[in-house]
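# Topology and contacts: notes
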Amino acid sequence: MTQPRNPVEPFLRMDRMPHIWCPGCGIGVVVNCFARAMLESKTDIDSVQVVSGIGCTGRIAGYLRMDSYHTTHGRAIPFATGLKTARPDMKVVVFSGDGDLVAIGGNHLIHAARRNVDIKVICVNNFTYGMTGGQVAPTAPIESVATTSPFGVFEQPFNLAFLADSAGAVYVARWTTYHVRQLAKAMREVLQKPGFCFVEVIAPCPTIYQRRNRLGDALDAMRFYKQQSKLSEGADTRTLDIPMQGPIPVGRFVNRDRPTLLENMNTVLGKRLGAKFTPYPTGVTR
Amino acid sequence: MAEKEKPKKPKGEVHVNREVCKGCGFCVEFCPSHVLALDTAFNRKGYHPPVAAKPEACNGCNLCGLYCPDFAIFGVRLGKAEEDSDEG
Ligand code: SF4
Ligand code: SF4
Ligand code: SF4
């Protein structure tokens, strides 16, 4: 009898397992859901390219068995923008942590959303910088403890869903690692949707965030997500703040259509240059 | 007497790759049929991987597989074609 294989294995570099993430780290769950989304949507593995930046989440690129790029800190989005422009036929997916994406690379995030670059951004939000030892992240809830704020964070954190929405993302959702089915579904949806899509995943970091804040282990975090998540589909994104150990609004908040960057380029330059202009392939079929 | 009771045919089967498990317990906690328990024995890395304590209750839903951050566990449905078609 042949031993059955885990159905997600074809999407993973199994020779590199076990991975470096800590026991119960939520990043593995996100990868698992992504592999599941690829499998369920029967997406061709060769049609997807993965880009990540630096940090614990940045390691995702090294574990997915597809063309993947581990870029410099905060620069996953500019790299992905170039990649998508050179190869509009490819689906480009960015995996990035909250610190990498929103602090170091924050400007890239808002401009990619504004321009509606046709990339899919999955942000693993664990409210901290894990790999570098727990400094205050732009998502750290007020009163949470970090190595650089031992008496509690007093800066207002970003509400990422609101940020992505107001900058122009065409798809914005937030789930936690407890919501594995919903998360896999959101990933299936963004793989099909043209334009700048943003999926935030609240994930446990037991080693840094949970431990510093005495919040127990990863399983405690998962139980907390189960109890405290508030389904808020379609909610006004201004209302989606995440208070320290308070309710977590989850759901799909934005799903709209706008022409992508390359479509807009073709429209504007086509109008101005007429027959002299050869439209650039956009990879979008509408 | 025991023979008279029709043994329920298990609907699914769970597989654990013990050596890559890190013992987080997600699978044990979120298995809807409470099939799993963490082993008292260790794997080579010093973690307690799950074992099927009630294998007959497994329905092959593969929720454990979706929750596992280490790709160390998965469930398969028995008696159906290989196709893995979870409702989304
Ligand atoms: S430090 Fe935190 S985010 Fe990094 S691998 Fe460990 S648990 Fe995950
Ligand atoms: S979810 Fe995976 S890593 Fe965690 S205890 Fe179960 S098999 Fe082990
Ligand atoms: S396949 Fe489903 S029922 Fe079986 S052990 Fe996994 S979660 Fe439990």
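Relevant structure appears above.
Residues numbered from 1 in each chain as written. Chains lettered and ligands numbered in written order. Predicted model: local features only at pLDDT ≥ 70, side-chain atom pairs only at ≥ 80, totals over all residues. Heavy atoms only, no water.

### A look at the pattern of salt bridges
One side chain can pair with another of opposite charge once the charged atoms of both are near each other. Residue and element names in this part refer to chain A. Under the convention used in this document: Any Lys or Arg side-chain nitrogen located within 4 Å of an Asp or Glu carboxyl oxygen qualifies as a salt bridge. What counts as a helix is a DSSP run of H or I of at least four residues, what counts as a strand is a run of E of at least two, and both are numbered from the N terminus. Remark: exposure states derive from per-residue accessible area (1.4 Å probe, protein chains only) relative to the maximum for the residue type, with buried under 20%, exposed over 50%, and partly exposed in between.
Tallied over the full model, the rule gives 18 salt bridges over all chains. In this structure, D257 engages K193 in a salt bridge whose closest nitrogen and oxygen atoms are separated by 2.9 Å. Of the two residues, D257 sits in the loop between β8 (248-255) and α9 (261-273) while K193 sits in the loop between α6 (180-192) and β6 (197-202), which places them 64 residues apart along the sequence. Given a relative accessible area of 58%, D257 falls into the exposed group. Looking at K193, the relative accessible area reads 12%, which means it is buried. Among the ionic pairs, R223 bridges to D220, the shortest N-O distance being 3.4 Å. Here D220 and R223 lie together in helix α8 (residues 218-228), a separation of three residues that amounts to about one turn. Residue class for R223 comes out partly exposed when judged on its relative accessible area of 31%. Ionic contacts of the salt-bridge type, sharing partners, join the residues K193, D257, E263 and R286 into one network.

### Looking at the site of ligand 3
The condition is simple: Working definition: residue near molecule or strand if any one of its non-hydrogen atoms lies within 4 Å of it. Any residue that is not Ala, Val, Leu, Ile, Met, Phe, Trp, Tyr, Cys, Pro, Asp, Glu, Lys or Arg is counted as polar, Gly included; the first ten are nonpolar and the last four charged.
The environment of ligand 3 is made up of 13 residues, and the closest members are C31, C58, C61, N62 and C64 of chain B. A class-by-class count of the residues in the shell around ligand 3 yields eight nonpolar, five polar and no charged.

### Side note on the sheet that holds strand β4 (residues 120-125) of chain A
Residues and elements named next belong to chain A. Let me state the cut-off plainly: Strands are treated as partners if at least two bridges between them are detected by DSSP. Between N-to-C directions, angles cover 0 to 180 degrees, with each direction set by a line fitted to C-alpha atoms, over the stretch in contact for helices.
One open sheet holds the eight strands; their spatial order is β2-β1-β3-β4-β6-β5-β8-β7, and the pairing between them is mixed. Across the chains shown, the open sheet's two edge strands, defined by having one partner strand only, are β2 (67-70) and β7 (229-231). In this sheet, neighbouring strand axes are inclined to one another by 20° on average, regardless of whether the strands run parallel or antiparallel. Bridge count between β7 and β8: three bridges; the pairing is parallel. Considered in β8, the bridge of K230 is made with P249.

### Some words on a nonpolar patch on the surface
All names here are of chain A. Defined as follows: Patch members must show over 30% relative accessible area and no salt bridge, and they are joined within 9 Å when carrying like charges or within 5 Å when they are nonpolar side chains of Val, Leu, Ile, Met, Phe, Trp or Tyr. For the area figures, the Shrake-Rupley method with a 1.4 Å probe applies, and any residue is considered shielded solely by the protein chains shown.
A cluster of nonpolar side chains, namely M265, V268, L269, L273 and Y280, defines an oily patch on the protein surface of about 380 Å² accessible area. By the secondary structure assignment, Y280 is in the segment after α9. A relative accessible area of 31% means that Y280 is categorised as partly exposed.

### Observations concerning helix α4 (residues 106-115) of chain A
Residues and elements named next belong to chain A. Selection rule: The reported arc concerns the directions from the helix axis to the C-beta atoms and nothing else. For this analysis, residues touch if any pair of their heavy atoms sits within 4.5 Å.
Here α4 has its buried residues at G106, L109, A112 and A113. Summarising the axial view, the buried residues of α4 lie within an arc of 135°, below the 170-degree limit, and thus occupy one face. Packing partners of the buried residues in α4 comprise α2 (76-86), α3 (98-104), α5 (160-167) and β6. Positioned one or two residues after α4, N116 has a phi angle of 55°, which is positive.

All we've got here are geometric facts, nothing functional implied.
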